[in-house]
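# Chains, contacts and geometry: an overview
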Amino acid sequence: MALAELMPELRNAPSEAVDWPRVAYLVLLSRALDKMEETRLVPEKKVLYQFSARGHDMAQILLGTRLDHPADATCGYYRSRPLLLALGVDVADALGSAMGRAGGYSDGRDIGVVFNYPNPNGASALPMCGGVGAQYTPTAGWAQAIEYHRTVLKDPAYDKAIAVVLGGDGSVASNGFWAALTIATTQQLPMLFYIEDNGFGISVPSAFQTPGGNIADNLESWRGLTILSGDGTDPAEAARLVDRAVAHVRGERAPVLLRLTVPRLQGHSFQDTQAYKPDAFVASEWRRDPLPKLRSYLVPAVLTQSQWTDIEARAERDADAARERAEARGTADPESVMSHVFFEGVLQEKGGQWTHGYVAPATTDVPRPEGQRINMVTAIRRTLEHELEINPRVVLFGEDIGPKGGVHAVTLGLQEKFGFQRVFDTSLSEEGIVGRAVGMALAGLLPVPEIQFRKYAEPATEQINDCGTIRWRTNNRFAAPMVLRVPGGFFKCGDPWHSQTNEVAFVHSPGWKVAVPSNAEDAVGLLRTALRGNDPVLFFEHRAMLDSAWARRAYPGDHYALPFGRAKTTSSGDDITIVTWGAMVPRCEAAAQGRSADVIDLRTLMPWDKEAVLASIRRTRRCLIVHEDLKTAGFGAEIAAVVADEAFMDLDAPVARLTMPDIPSPHNPVLLDWAVPSVERIRAKIDELVAF
Ligand SMILES: Cc1ncc(C[n+]2csc(CCOP(=O)(O)OP(=O)(O)O)c2C)c(N)n1
C-alpha cells in the first residue's frame, strides 16, 4: 500500500520523485528571461521576435526534467524554451539565439525562437521549425528509429528511449499532427504527444481546431492511444500526469497523448495585444498562473520562503549574466551564411549515418559491365539490394513498396528478402513519409523513402523544404541525409497528376542535391553515390525510361559510383551544343543524327556541370536546351541565363529552349506528343540555329 494511502495528509505532499528546487529555479529562470526580453531586449530592438512562455512554463519544465535518457529526443515549437532550459541548454545560447547573435544554435540564421540542441548528456532537441505542425512527423520518425536501433541493429543503448513532441491546441488541426498520430498508433511507437492547450491559436479559439475544443475528448475512441488530460497549472497534477505519460511510453513502448490546459499569459507574440480577449477573460487567465501555485505548493512544504527568494534572485542573476554573455557575442560574419548548405567536409554533430561511424566503401567511376543489359527498374533495384545487404542502416519505405514491390516494381522482392522492418509499406501520407524519414535520418539511419509519383510529393513539400535547410539553419549541428526516390514524367500517356517532372522545384529547395538519370548505368552510379553520401538527395526516376530499350545498360558493378555535377557528352560534334537530361536524352541523340552536335546529358541538376556546358558552347558557339518540364522558370531558364552571362561573346546564335509549353500534361497520346519536344521538332530547331 502506498504511503499516501496510509497517511492521507501526505496525499498532497510534493512528490519526492521530482527535484522541486530545480523545477522552481527553472521556472523562475524562464520567467526572468521572458521579462528581460519584454521589458528590455525587445524595446531595445535586440530581440526581433518574442514569444512568451509564461503559463506554459512549469508543465514544460516538469516534462523536460523527465527526459533523461541519452537517446530520447524531443521536438517542440516557438514556445518551447522552458523545456530546453530543463534539458540543460546553455542560457546564453537560448537568449543569444533569440537575439540573432553569433554562435548559439544557429549562428544568427534561424528565427531565434525555435530551437535545436544536440545534447551530449540527455535528450536532444530536434531542429524545430516555424511551420505549425511540422514538428510531428520527424518526431514519429525518431520514435520508429528507436525501435529500429533496438530490434534490428540490436543496440541496447536505445532501450527505454522515447520521442516526445510538443504542440499547441492550434497544431492539432495540422496535417502533421494527424500523419504522426496515424504512424505512432498504427505502428505502436514509443511517442508522447504533449499538447499544451491554451485555448487559442493566435486569436482563434480551440473550438475551431477540434469540435468542442478538447482534442483529448475527441480522440477517446482512437485505437492504440493512451490519453491523459488535466490541469497544467497545478503542480501536483501536472507532475503526476507527466510522470504517468512518460513512464507509460517508456515502459509499454506505446504512444500516449497528454493534454494539459495552460493559460497563455501574454499575447501570442510580443506584438499581439490580445484585443480579441475580453479583460475579464485575461484576468481569469492570470488567476491560473502556475507560478504562484508552485510557490504555495512548495513553500513551506519543500522550501522556506527565504530559500524561494534566494532561488528567485539566483535565477535573475543567471538570466542577466546570460544576457551579458549573449550581448558580448556580436554578429556572425555575413559571408558565413554561404556555408553549410551542403556537407563541406566537417561532420555535423547529429544526424546521418556518418555520425554513427559509417564509412563508405571504396568506389570507382569506371564501369565494369556485368552480363546482359538490364532496364532501369532492375538497375535501381539491384543497387538498393546491394546497399541493403552491406549497410544495415538503409531502410526503404513508401506506399505499396512492400509485398506488391511498388507500383513501378522497383522494390519487388526486397521486403521478402530483408524483412518488414527494413522495407515497409506506409500510411498514405506523403508528409508522413518524408517527415518520418527526417526523424530516422536524424537518428542515424539512411532512409530511402519512395513517393509514388512526382505530383504526390506536394503534400510533403513542407517536410522536403525543412529537411533541406536543417544543416544550414542549425549551422552544421544537425543534418538529415536521405535519398528521396520520386518517379515522374510522361509514360505511354500523360495527365496532370502522374506525368509532371517539375524537377526544378527541388533545385530551388536549398540543401537538396538532384539526380535525373537517363539510363540504367547512370542510375546505378548516381544512386550509389546518394546512398553513401551525407546530404539529402532527390533521385528522379523517369517513368518513360524505367523500361525503355534505349536506357538498358549492363550493370556497371557493385562498386560503381558517379560523382554529382559531372555531365556526360553522349554524342560529339562541332556545330551546336544540346543540353538535356532524363527522357529527352534519346530524343536529342536521335535528332542529332546526321548533324554535328554535342549532346550533353547533365545527369544531375544540383549541382550541374556548368563547366562542361560552357566549354562545349565555346567550341560550337550555339546552344539548344531541351527539357520536358514547362518552359517558364524551368531549369532551362537557369542554364540559358548562365550561358548568356558567361559565354555571351562566344555565341553565334541566340540561346534557344525547346520544352513543354506552360500547360499541365495532356492525357491522350496524340495531345501529349504534340506538347512534349519530339525528335522532329528538336531536329528542326537544330537546323534553324545552325543556319542562324
Ligand atoms: C503552417 C503554419 N501556418 C500558420 C502559421 C502562423 N502561426 C504561427 S503560430 C500560429 C498559432 C498556433 O497556435 P497553437 O498551435 O495553439 O500554439 P500556441 O501559439 O497557442 O502555443 C499560427 C497560425 C505557421 N507558423 N505555420
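In this convention, every chain numbers its residues from 1, walking through the sequence in written order. Two thresholds apply to this predicted model, a pLDDT of at least 70 for residue-level local features and 80 or more for giving and counting side-chain atom pairs, whereas whole-chain, interface and lining totals are computed over all residues. Hydrogen atoms and water are omitted, and side-chain values are computed over all heavy atoms in the structure.

Right, let's talk about the sheet that holds strand S17 (residues 568-571) for a bit. Strand order in the open sheet made by the 5 strands is S17-S19-S18-S21-S22, with mixed pairing throughout. Sheet topology places S17 and strand S22 (656-660) at the edges, where each strand pairs with a single neighbour. Sheet twist, expressed as the mean angle between neighbouring strand axes with direction ignored, is 25°. Should DSSP find at least two bridges between two strands, the strands are regarded as paired. Each helix corresponds to a stretch of at least 4 residues labelled H or I by DSSP, and each strand to a stretch of at least 2 residues labelled E; elements are numbered beginning at the N terminus. Bridge count between S17 and strand S19 (residues 597-601): 3 bridges; the pairing is antiparallel. Within the sheet, the bridge partner assigned to Thr-569 lies in S19 and is Ile-600. Here an axis means a line fitted to C-alpha atoms, over the contact stretch when the element is a helix, while the angle between two N-to-C directions is reported on a 0 to 180 degree scale.

In this section: the side chain of His-542. Positionally, His-542 belongs in strand S15 (residues 537-542). Burial classes follow relative accessibility: with a 1.4 Å probe on protein chains only, a residue under 20% of its type's maximum area counts as buried, one over 50% as exposed, and anything between as partly exposed. Classification of His-542 as buried rests on a relative accessible area of 3%. Those residues within four positions of His-542 in sequence are excluded, and the remaining contacts are Met-376, Gly-488, Gly-489, Phe-490, Thr-501, Ala-583 and Glu-628. Contacts are assigned to residue pairs with any non-hydrogen atoms lying within 4.5 Å of each other.

Turning to the state of the cysteines, a few remarks are in order. Cysteine sulfur atoms are paired as a disulfide whenever they fall within 2.5 Å. Counted by the stated rule, this structure contains 0 disulfides. The structure places no disulfide on Cys-467, whose sulfur is separated from the nearest cysteine sulfur, that of Cys-129, by 10 Å. Residue classification places Cys-467 among the buried positions, given a relative accessible area of 2%.

All right, on to the pattern of salt bridges then. Each salt bridge in this description consists of a side-chain nitrogen of Lys or Arg and a carboxyl oxygen of Asp or Glu lying within 4 Å of one another. One pass over the structure, following the stated rule, counts 41 salt bridges. In this structure, Asp-522 and Arg-603 form a salt bridge, with 3.1 Å as the shortest nitrogen-oxygen distance. Taken together, the residues Asp-522 in helix H18 (residues 520-531) and Arg-603 in the loop between S19 and strand S20 (604-606) connect sequence positions 81 residues apart. A relative accessible area of 0% places Asp-522 in the buried class. A salt bridge links Asp-547 to Arg-552; the shortest N-O distance between them is 2.7 Å. Taking the relative accessible area as the measure of exposure, Arg-552 reaches 29% and is therefore partly exposed.

This part takes up the domain arrangement of the protein. By convention here, the domain bounds are inherited from an automatic or database domain assignment. Domain annotation for the protein reports domain 1 (14-329), domain 2 (368-555) and domain 3 (568-690). Accessible-area loss on putting two parts together, using a 1.4 Å probe and summing over both, is the definition of buried area adopted here. Summed over both partners, the interface of domain 2 with domain 3 buries about 2,100 Å², with 61% contributed by carbon and sulfur atoms. Of all residues in domain 2, Phe-490, Val-516 and Trp-550 bury the most surface against domain 3, accounting for 25% of the area lost on that side. Here domain 2 and domain 3 share 1 salt bridge between them. Polar contact is defined as a pair of N or O atoms within 3.5 Å, subject to the rule that within protein one atom must be able to donate a hydrogen and the other to accept it, and that residues adjacent in sequence are counted only when both atoms are side-chain atoms. Run the count over domain 2 and domain 3 and you get 12 residue pairs in polar contact (both at pLDDT 80 or more). At the level of elements, helix H17 (504-507), strand S14 (513-515), H18 and helix H19 (543-546) are the ones that each hand at least two residues to the side of domain 2 that touches domain 3.

If a single non-hydrogen atom of a residue is within 4 Å of a molecule or strand, that residue counts as near it. In the region of the ligand, 16 residues are neighbours, and Tyr-77, Tyr-78, Arg-79, Gly-170 and Asn-198 sit closest. For the ligand, a nitrogen atom lies 2.9 Å from a polar atom in the backbone of Val-132. Only the protein chains shown count as cover for residues, and all accessible areas are computed by the Shrake-Rupley method using a 1.4 Å probe. When the ligand sits alone it has 590 Å² of accessible area, and the protein chains cover 69% of it. Buriedness for pockets is judged along seven lines, at least five of which must meet protein on both sides within 12 Å for an open set on the 1 Å grid over protein atoms alone, while cavities are sets there where a 1.4 Å probe fits but cannot get out, and lining residues have an atom within 4 Å of a point. A pocket or cavity is taken to hold a molecule when more than half of that molecule's atoms are within 2 Å of the pocket's grid points. Given that more than half its atoms are within 2 Å of the pocket grid, the ligand belongs to the second largest pocket. Classification used: nonpolar for Ala, Val, Leu, Ile, Met, Phe, Trp, Tyr, Cys and Pro, charged for Asp, Glu, Lys and Arg, polar for all others including Gly. Along the lines of polarity and charge, the residues of the shell around the ligand split into 5 nonpolar, 9 polar and 2 charged.

On to the environment of Val-410. In this structure, Val-410 sits in the loop between strand S10 (394-398) and helix H14 (414-418). What makes Val-410 buried here is its relative accessible area of 1%. The residues contacting Val-410, other than those within four sequence positions of it, are Val-377, Ile-380, Arg-381, Leu-384, Gly-405, Arg-485 and Glu-541.

We now examine the nonpolar core. Soluble globular proteins tend to pack their nonpolar side chains together in the buried interior. By size, the foremost hydrophobic cluster in this structure holds 151 residues, and its most contacted members are Leu-63, Phe-177, Leu-192, Phe-193 and Leu-602. Per-element tally for this core: the top contributor is helix H2 (residues 20-41), with 12 residues. Beyond its immediate sequence surroundings of up to four residues, Leu-192 is in contact with Leu-63, Ala-163, Val-164, Val-165, Ala-245, Val-246, Val-249, Val-256 and Leu-258. Throughout, nonpolar core names a set of buried Ala, Val, Leu, Ile, Met, Phe, Trp, Tyr and Cys residues whose side chains join them through atoms within 4.5 Å. Counting 58 residues, the second-largest nonpolar core is a separate cluster that includes Leu-388, Val-410, Val-448 and Ala-530.

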